[in-house]
Amino acid sequence: MSDSSPDRPAAPVLDVWCELQCPDCRSALDDLRALRARYGDRLELRLRHFPLEKHKHAFAAAQAAEEALEQGKGWEYVEAVLGRVEELDREGEPFLVEAARELGLDAEEFDTALIDGRHILIVDADQAEGKAIGVTGTPTYVIDGERLDGGKSQQGLRARIEEIADRLLAEGA
C-alpha cells in the first residue's frame, strides 16, 4: 500500500465567518496570512459569509467574493477588498467590479453575477448557518466545533486556532 492512499485524513477546516465591509475583518488578515504561511494546505481556510445589515454593500461584496472564488482568486480578492474598506463604503458595487479588474479577473462576469444574483443562495445559506450556530459578528472562526469570536477581540485567537489545528493534525497523523 502506498503512502498516498485515498483514505489519508482530510485537512482540518477553519471556517472564517467574514464580512468584506468590516474593519475588524481587515484587522484579521494578518492572522489569516500567518495561518496560511504556517499550515499551507494542511489547514483548509474556508470563507463563510456573514454580511451585516449595518453595511449596505456587504451583501454584494459577499456575492463578489463567491465570483472571485469561482474564477480562482477568492482569498486574493477578499484581501484586496478588505484592504480598501473605505472605497467600498464610498463606491459600492462599481468598486467591487474594479477590484476584480485590478486582479486580472473577468470584471464583466462580476458585473453580470451581481446583477443576476447567481451567488445569492450561497451567501444566504452561509448567513443562515452562521445565525444557527451563534455567529453574531465578524470575524468569527469555527474550528473543530469551537466558535471563536473575533468581533469583540482578536487577542489570542490565532494562538488558540493554532493549538486546535496542531492537535487535530497530530491526531490525524
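Reading the values: rules and limits
Residues numbered from 1 in each chain as written. Predicted model: local features only at pLDDT ≥ 70, side-chain atom pairs only at ≥ 80, totals over all residues. Heavy atoms only, no water. Helix = DSSP H or I, 4+ residues; strand = E, 2+ residues; numbered from the N terminus. Buried < 20%, exposed > 50% of the residue type's maximum accessible area, 1.4 Å probe, protein only. Contact = heavy atoms within 4.5 Å. Phe/Tyr/Trp six-rings, centres within 6.5 Å; stacked < 30°, edge-to-face > 60°. Axes fitted to C-alpha atoms, helices over the stretch in contact; angles between N-to-C directions. Parallel < 35°, antiparallel > 145°, perpendicular 65-115°, else oblique. Left-handed = near helix turned anticlockwise from the far one by under 90°. Nonpolar A, V, L, I, M, F, W, Y, C, P; charged D, E, K, R; others polar.

## Notes on the environment of L29
Here L29 shows up in helix 1 (residues 23-39). With relative accessibility at 4%, the residue L29 sits in the buried group. Separated by 50 residues in the primary sequence, L29 and E79 have C-alpha atoms spaced 7.1 Å apart. Filtering out sequence-adjacent residues up to four positions away, L29 remains in contact with E79 and L82.

## Notes on the packing of aromatic side chains
On inspection of all chains with the given rule, the structure shows one aromatic pair. Ring centres of Y77 and F110 lie 5.2 Å apart, and the angle between their planes is 40°; on these two criteria the pair is classed as tilted. On the criterion of sequence distance, the pair formed by Y77 in helix 3 (residues 74-82) and F110 in helix 6 (residues 107-116) is long-range, its members being 33 residues apart. Each member of the pair, Y77 together with F110, is buried.

## Re the packing of helix 1 against helix 8 (residues 157-172)
Contact pair helix 1 / helix 8: the axes reach a minimum separation of 11 Å and the direction vectors enclose 25°. For the element pair helix 1 / helix 8, the angle class is roughly parallel. The way helix 1 lies across helix 8 gives a crossing that is right-handed. Along the contact surface, helix 1 presents D30, D31, A34, L35, R38 and Y39, while helix 8 presents R158, I161, E162, A165, D166 and L169. Tallied by class, the residues present in the contact of helix 1 with helix 8 amount to six nonpolar, no polar and six charged.

## Topic: unusual backbone geometry
A negative phi holds for most residues other than glycine; trans holds for most peptide bonds. Residue T138 is joined to P139 through a cis peptide bond whose omega torsion reads -5°. The topology assignment puts P139 in the loop between helix 7 (120-132) and strand 3 (140-143). The phi dihedral of D144 is positive, around 55°, even though this residue is not glycine. Relative to the elements of secondary structure, D144 occurs in the loop between strand 3 and strand 4 (146-149).

Honestly, it's all geometry; don't read function into it.
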